[in-house]
Amino acid sequence: MKSAVETLNPTRVRLTVEVPFEELKDSLDAAYKKINQQVTVKGFRKGKIPARVIDQRFGRGAVLEEAVNDALPKFYTDAVNEAELNPLGQPEVDITELKDGETLNFTAEVDIRPAVEIPDYSGIEVEVDAIEVSDEDVEKAVEQLRERFASTSPVERAAEEGDVVTLDLQAKVDGEVLEDGVADGVSYTIGSGELLEGIDDAVKGVEAGGEATFTSELKGGSAAGKEAEVTVKVTQVAKRELPELDDDFAQLASEFDTLEELQADSRKRLANTKQYDQATQAQERVLDKLLELVDVPVPEKLLEDEVNTRKHNLEHHQLGQMGLDLEKYLELQGKTAEEFETETREAAVKGIKTQFVLDELVKQEKLNVSQEELTEHLMRRAASSGMSPDQFAQAVVEQGQVPLLVGEVARGKALAVVVEKATVKDTNGEVVDLEDEEDEAETTEAAAEPTDAAEATESGDDKADDKADEKADEKTEG
């Protein structure tokens, strides 16, 4: 077999392959054997039909078709390996010549991973938010804790802002009560914004036993997005009472004996959260700077696949769970379809470039992933997916996704190497040391997770068989 590579652009090549006919012998023998098991010829036992009889009765073309279908994927793979290519997705195969007893020639066009050159990145400098916890921040945190320990007591007066009311609701669309539009005994805090728009104004001023009607757009259910006439009956009005901010509250709401200790702990927790956010911000900004330094061509087909995958996931998974369609989502976001398309494409480009650059860094820095690192990452991914570690691990193994998880961890380590060499200062001009940040590995891995389309096309070689089969059928039939 002889093969040659023609570079069509930085992300696409054409392979031209010439196969001497004698290299098809094994596939021809296998084709005759397979056809032997599938057909019946009078006078011959099944499986014992001579090749010349098969040629006479069923045509040599049928045998050639079967043989080429069997052999083409192997020849394509050999050509890819010989040229040391990293293909992405399925090849477009075209059999240019098939002469019985002489030769098989074909071409295969396929997207490839572009060559990425990583320049010196030790001079990267970024600025992040300073870690500042104000007294107001602490007061707000303690107040939120105080809200959680609030008690309620029924009152005989009209409902006011902040009261907890018990409601019976009924929603009608076009005069008809919705099957899923009736709810009794709903507890609602006026002013919380947790129910329908307009309900606060409707129930304020209403006493227990009173009713009110208002119009609101439904956010979920069978009539999501439609205007509904909502009748609400107030069955109880209760006043919320907050506990006093003193040492007794500290003992009730925490393991601390004094309010001062509780406030100090709240300040520490807020600082830790801001420190985590600062580390994440540093990693994101260092990554952006790194991508600016590297010229990364993006395969157009891969980009289109990634854009379509992101749209599909948003429309059919995320928005579906929220009872929204894309049009309503864009309306709520205040975006046009064109703006959404542009943002999605930009995010897809960044995702693909990130994967290419960090994968190259993994090779350049000779980074490896230990079993312990893989296990820790798997545990985090399981927690975020809502599955138990055992369930998640089983799913990963069954779907053959272990190499993808290894890639995620490796890319996280690659980004960590770049961050370590970068100069990070906060808005006060102080140098930020990220070495002691907790959970740094987790955030770098999150920033380096693969794009959906790129992840899918890593296994594109496995699908080449189908493409090759289709082309072989077309040629032999002709």
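Bear in mind the structure is a predicted one, so any value in this text is a computation, not a measurement.

(A) Structural view of the overall build of the protein. Looking only at helices and strands, the protein features 16 helices and 11 strands. Taking 478 residues into account, the globule formula puts the C-alpha radius of gyration at 23 Å, and the protein, at 33 Å, lies well above it. Considering only contacts in the protein between residues 6 or more positions apart, those separated by 24 or more positions represent 71%. Side-chain charges in the protein split into 53 positive and 113 negative, and the spacing between the mean points of these groups amounts to 9 Å.

(B) Structural context of the sheet that holds strand β2 (residues 12-20). Strand order across the open sheet formed by 4 strands is β1-β2-β4-β3, with antiparallel pairing between neighbours. Sheet topology places β1 (2-9) and β3 (87-99) at the edges, where each strand pairs with a single neighbour. With strand direction ignored, the average angle separating the axes of adjacent strands in the sheet is 20 degrees. Pairing between β2 and strand β4 (residues 103-112): 9 bridges, direction antiparallel.

(C) Highlighting the nonpolar core. Core analysis: the largest hydrophobic core is formed by 36 residues, its most contacted members being Tyr121, Ile124, Leu290, Val357 and Leu361. Elements represented by at least two residues in this core include exactly β5 (125-128), α7 (259-293), α8 (300-322), α10 (337-364) and α13 (402-421). Apart from residues lying up to four places away in sequence, Ile124 is in contact with Val286, Lys289, Leu290, Leu293, Val418, Ala422 and Thr423. Counting residues in each nonpolar core, the second largest holds 33 residues, with Val41, Val68, Phe75 and Ile112 among its members.

(D) Representation of the pairing of strand β11 (residues 423-426) in the model. Only one face of β11 is covered, namely the one carrying Val424 and Asp426; the face carrying Thr423 and Lys425 has none of its residues buried. As judged from the 4 bridges shared by β5 and β11, these two strands associate in the parallel manner. Each residue of the ladder has a partner; that of Val126, found in β11, is Val424.

(E) View of a negative patch on the surface. Residues Asp247, Asp248, Asp257, Glu260 and Glu261 make up a contiguous surface patch of negative charge. Sorting the residues of the negative patch by element identifies α6 (247-253) and α7 as the ones contributing at least two each. As for its position among the elements, Asp257 is in the loop between α6 and α7.

(F) Representation of the packing of aromatic side chains within the structure. Under the defined criterion, the tally for this structure stands at 1 aromatic pair. Plain terms: the ring middles of Phe149 and Phe249 are 6.2 Å apart, the flat faces sit at 85 degrees to each other, and that makes the pair edge-to-face. Separated by 100 residues along the polypeptide, Phe149 in the loop between α4 (135-148) and β6 (151-154) and Phe249 in helix α6 bring together distant segments of the chain. With relative accessibility at 30%, the residue Phe149 sits in the partly exposed group.

(G) Examining the pattern of salt bridges more closely. This model, assessed by the stated rule, comprises 32 salt bridges. Here Asp135 and Arg267 are joined by a salt bridge, their closest N and O atoms 2.8 Å apart. Taken together, the residues Asp135 in helix α4 and Arg267 in helix α7 connect sequence positions 132 residues apart. Asp135 gets classed as partly exposed once you look at its relative accessible area, which sits at 49%. Given a relative accessible area of 33%, Arg267 falls into the partly exposed group. A salt bridge links Glu306 to Arg310; the shortest N-O distance between them is 2.7 Å. Of the two residues, Glu306 and Arg310 are both situated in helix α8; the distance of 4 residues between them amounts to about one turn of the helix. When salt bridges with common partners are traced through the structure, they connect Glu6, Arg12, Arg14, Glu92, Glu109 and Asp111 into a single cluster.

(H) Region of the structure containing the packing of α8 against α10. Between α8 and α10, the shortest axis-to-axis distance is 9 Å and the interhelical angle comes to 120 degrees. Of the possible angle classes, the one that applies to α8 and α10 is oblique. Crossing handedness for the pair α8 and α10: right-handed. Listed contacts from α10 to Glu300, Leu302, Leu303, Glu304, Glu306, Val307, Arg310, Lys311 and Leu314 of α8 are Phe340, Glu341, Thr344, Arg345, Ala347, Ala348, Val349, Gly351, Ile352 and Phe356. In the contact of α8 with α10, the residues fall into 10 nonpolar, 2 polar and 7 charged.

How each quantity is defined
- Residues numbered from 1 in each chain as written.
- Predicted model: local features only at pLDDT ≥ 70, side-chain atom pairs only at ≥ 80, totals over all residues.
- Heavy atoms only, no water.
- Helix = DSSP H or I, 4+ residues; strand = E, 2+ residues; numbered from the N terminus.
- Rg over C-alpha atoms; globule rule 2.2 N^0.38 Å.
- Contact = heavy atoms within 4.5 Å.
- Lys, Arg positive; Asp, Glu negative; His and termini not counted.
- Charge placed at Lys NZ, Arg CZ, Asp CG, Glu CD.
- Pairing = 2+ DSSP bridges.
- Axes fitted to C-alpha atoms, helices over the stretch in contact; angles between N-to-C directions.
- Core = buried A, V, L, I, M, F, W, Y, C linked by side-chain atoms within 4.5 Å.
- Buried < 20%, exposed > 50% of the residue type's maximum accessible area, 1.4 Å probe, protein only.
- Patch = residues over 30% accessible without salt bridge, like charges linked within 9 Å, V, L, I, M, F, W, Y side chains within 5 Å.
- Areas by Shrake-Rupley, 256 points an atom, 1.4 Å probe, with all protein chains shown as cover.
- Salt bridge = Lys/Arg side-chain N within 4 Å of Asp/Glu carboxyl O.
- Phe/Tyr/Trp six-rings, centres within 6.5 Å; stacked < 30°, edge-to-face > 60°.
- Parallel < 35°, antiparallel > 145°, perpendicular 65-115°, else oblique.
- Left-handed = near helix turned anticlockwise from the far one by under 90°.
- Nonpolar A, V, L, I, M, F, W, Y, C, P; charged D, E, K, R; others polar.

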